[in-house]
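Chain and residue survey
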Amino acid sequence: MGTQNLNNYYHNRLDVKLNYSSYYDIFLASDEKDFNQQVVYSTSIIDATSGDSLPVWVDLASTDCCQQPTTNCTAQTASSLTHEFVIISKNYWPKAKSHCECPYTGSSTFSICDASWTGSDNGNIPPPFPNLPYCYNITNTPSTLQTFSPNVFFKKLKLHQIRPLTTGGILDTSIDTSIINSFDGSGYYQELRGGFYQGFYKLYGYPYEILPTRPNRGWSFETYLKINSVGSTLYSLDDSPPYNGQQGVYGNCYNTGGYNKFINWSGGVVINIMSSATTLCMEPGSNSLGINVPQNLLNYNPPTLPTTKGGFFFYKGVRAEDKWGFSGSNVDTYYPNLSACTSLSGVSGCCNTEELPVKLIRQNQSPNAQYDVYSNAVGFRLTDDMRIGYRTLRYTGHCETTGHTDFCNTGKTFVCGYMVEESYSDPICPFITQSGNCNDTWIQVDVVFKRNLELEDCEIFNNGGINDLIKVRTDKFQRYGTHKDGGIGPFGCNRASITPEVNPCNDQYPRFIEDAYFDFNCRGAQVQKWFTDNEYRLGTLTFYVNGRRVHQVENYEEIIPRQLNTNKQTQVGVAYNMSWGGGALGLSSALIPSTGCNEDWVKFTPNSDQTLIKDNFGGTFMGGISQMMYYIKPLTPDEIYHNFLINKSRYALIDCEECKNCDGGCVDCDLLN
Amino acid sequence: MEFFIREDSTEPILKMQLVQDGRNDFRNFHEKLANSSIYFSMKDTTTGIPKVINQSGGIVSKTPTSPNSNIEYYIYYKWKKRDVKKSGRFEGQFIIYFHDDNTELIAPIRENLYINISESFVKSPC
């Protein structure tokens, strides 16, 4: 057969077939209402009245959430200041628990007075006087006076302004945690000048849990932040061509760290802007790091420049390491006075149980204080150059070639540790961040985590959950498990028991550390299961600004908040925290007693392994805050855009993508009504 | 494709969905749609006079069929009173700007979309 070509081929010489695979087409859908009708028809934000999906909604412009105090810098930085701002959510989770479920004959308020040991570390309550503890009181039915009280908690999430205290329990005026009231077209709002809000949503071992620790499918956080964007009209003597005038500079005028130092995004050139730190309540000063250093801000303690800690607008997890649990800190200095200290005794449990006091110090079961932070804290921030992203301290495990044989292949050993994991977007919305003139601009920020797998019931705790890490003590196993030989019970919770202390209520299942603890033995079964179950924690983390996706992290491993690895009495209010407008103080302002078990409180000096939170999350967002919403479901892009449209007028928001396509930059883009 | 609506009525909304003929990567389309802008235009088929010009449409997620299924969207346009003031036969088109890759799609492609606004004899009591 000869060579074939177009000239000697006797069939169809040219045939054309339309390939539909290269384009998309649409067709008319049925009239069926099989879509999210809120997106199309609702005139309020998504699930505005549904605590099942929106259990936390704080709007500072609403008197239901905020007493709308008026204040100023002078008042906020006064050493005599004792008052802290308190805000609460409009909504609550219908399954929230804020009182004993067991028969309890006490008053309608359940008091947790062991809060005294930790409650002053972020300024929530003062340190106790001798024999006069300060208690957290939880109730289902708060009185009007209790609604905004800093130590009465009910089903609605309550956040309070953090207050760093120092020796003697007085306000530490070297750290500026001011919050100033303000008002604009959006209504009443507050300007953060170093301060932020923090609160807990669960007290481990006590009948208080107002949010699920691990929602079935994921969660979403939405907030409205007022930023002061750098514009092309700002001048600085320090700038040299081609950067004079700051064309192309992104950033917040008194930026997220409060220090006017910016890095040009495209050129990597550092540009100093000298004039805008005057918006701080405590004037910046000059020191060895330069002039205009905002040395009173949390971000700059210790002072290193440029800060990498600024801009946290949302934080979730443990707020501090365990200050009591380990040797090495200045607790050792006072050891003779503290070694015999215990938690408070008396009838203090649900079911009218008398709980035995536990030792106060050196009870933590982890190898060191850092373990309580691993995969237990995550912060979301807006960086100085206006990129949005997250930071977490990830618990890691991997095989290393060592010559030993363990769980890994021959010659390798499984080793554990941690890493600082973070990921950030490109600079957000140039239309805002480049075209400003230090004018205030509101933005809507959304963070959405959607797990790859939806989990139900026990799966939430067992599939990649914290039960993976829990080891029940062998001698207590009968209480919680079933013996292989079918031995006689009782197993689990038995409320009707004559001796309830023997069979604790289900809200204490299992009791740390008497019955169980987190086993962080790197080669142990618990840690191995934690890493093996990694796939159940994976999902997608997505960031939105003004309703538009700006950053997406695939295969992000969720952070599942968990309690500290110690007795419930010594960790009241430390785990399961949430911050708005900042990260966490860590142990930077913690107090311990020096002469007696609750006497003469002095500043705590952390051990070297007790500074992870302070070093990585000790920063705040500088700017305005107005609303925050925490959904216990992952919002979809159309729902986020719907919320954007609902609040567009109130905050004069712009759609950054729409404006991108307008000739000459558009101020009033035509958006869906 | 024929869509029917009564004069002065804003329901039913105009709702379109992706042709899933097994030839395209439909998941990628929905992923792109999640970061897009949508505009709707409509002209009179008889006179050629535009009735709606580049009015914002939107996307709305379909009710998921299973908990772990991927999100799929409808493209929709919500009628305004002025759009449906006059009866007649119109041709409609959507333009979709995909912001992820800066592309745009004008659809439908293979078959025209006709909107039939028929006369109504009832008026709103308000």
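Up top is the structure.
Now for a quick tour of the structure.

The rules behind these values
- Residues numbered from 1 in each chain as written.
- Chains lettered and ligands numbered in written order.
- Predicted model: local features only at pLDDT ≥ 70, side-chain atom pairs only at ≥ 80, totals over all residues.
- Pairing = 2+ DSSP bridges.
- Helix = DSSP H or I, 4+ residues; strand = E, 2+ residues; numbered from the N terminus.
- Axes fitted to C-alpha atoms, helices over the stretch in contact; angles between N-to-C directions.
- Expected span 1.5 Å × (residues − 1).
- Buried ≥ 20, exposed ≤ 12 C-beta atoms within 10 Å, placed from the backbone.
- Contact = placed C-beta atoms within 7 Å.
- Nonpolar A, V, L, I, M, F, W, Y, C, P; charged D, E, K, R; others polar.

So, on to the sheet that holds strand β25 (residues 412-424) of chain A. Sheet strands associate in pairs through backbone hydrogen bonding, adopting either a parallel or an antiparallel arrangement. Residues and elements named next belong to chain A. Pairing within the open sheet is antiparallel, and its eight strands lie in the order β3-β7-β12-β31-β20-β23-β24-β25. Each edge of the open sheet carries a strand with a single partner, namely β3 (86-88) and β25. This sheet shows a mean twist of 20° between the axes of neighbouring strands, independent of strand direction. Both strand β20 (residues 312-317) and strand β23 (residues 377-382) contribute to a ladder of five bridges, which runs antiparallel. The residue bridging K316 from the neighbouring strand is V378, located in β23.

Residues and elements named next belong to chain A. Given a rise of 1.5 Å per residue, 15 residues ought to cover 21 Å, and the 20 Å separating the end C-alpha atoms of helix α9 (residues 637-651) matches this to within 8%. With respect to burial, α9 is a largely interior element, 11 of its 15 residues being buried. Every buried residue of α9 is listed here: P637, D638, E639, I640, Y641, H642, N643, F644, N647, K648 and Y651. Positive backbone phi, approximately 50°, marks A652, located one or two places after α9.

Between E11(B) and the following residue, P12(B), the backbone shows a cis peptide bond with an omega angle of 0°. Residue P108(B) is bonded to the preceding A107(B) through a cis peptide linkage, with omega at 5°. In this structure, P108(B) sits in the loop between β8 (103-107) and β9 (113-118). Although it is not a glycine, D600(A) sits at a positive phi angle of roughly 50°. Mapped onto the secondary structure, D600(A) falls in strand β33 (residues 599-603).

Bringing the interface of chain A and chain B into the picture now. Quite often, the size of an interface is put as the accessible area lost when its parts meet. If you look at the interface, chain A gives 28 residues, while chain B gives 39 residues. For the side of chain A that touches chain B, the secondary structure elements donating two or more residues are β1 (26-28), α1 (37-41), β30 (548-557), α9 and α10 (656-660) of chain A. No other element matches the three residues that β1(A) contributes to the side of chain A that touches chain B. Taken together, the residues of the side of chain A that touches chain B break down into 14 nonpolar, four polar and 10 charged.

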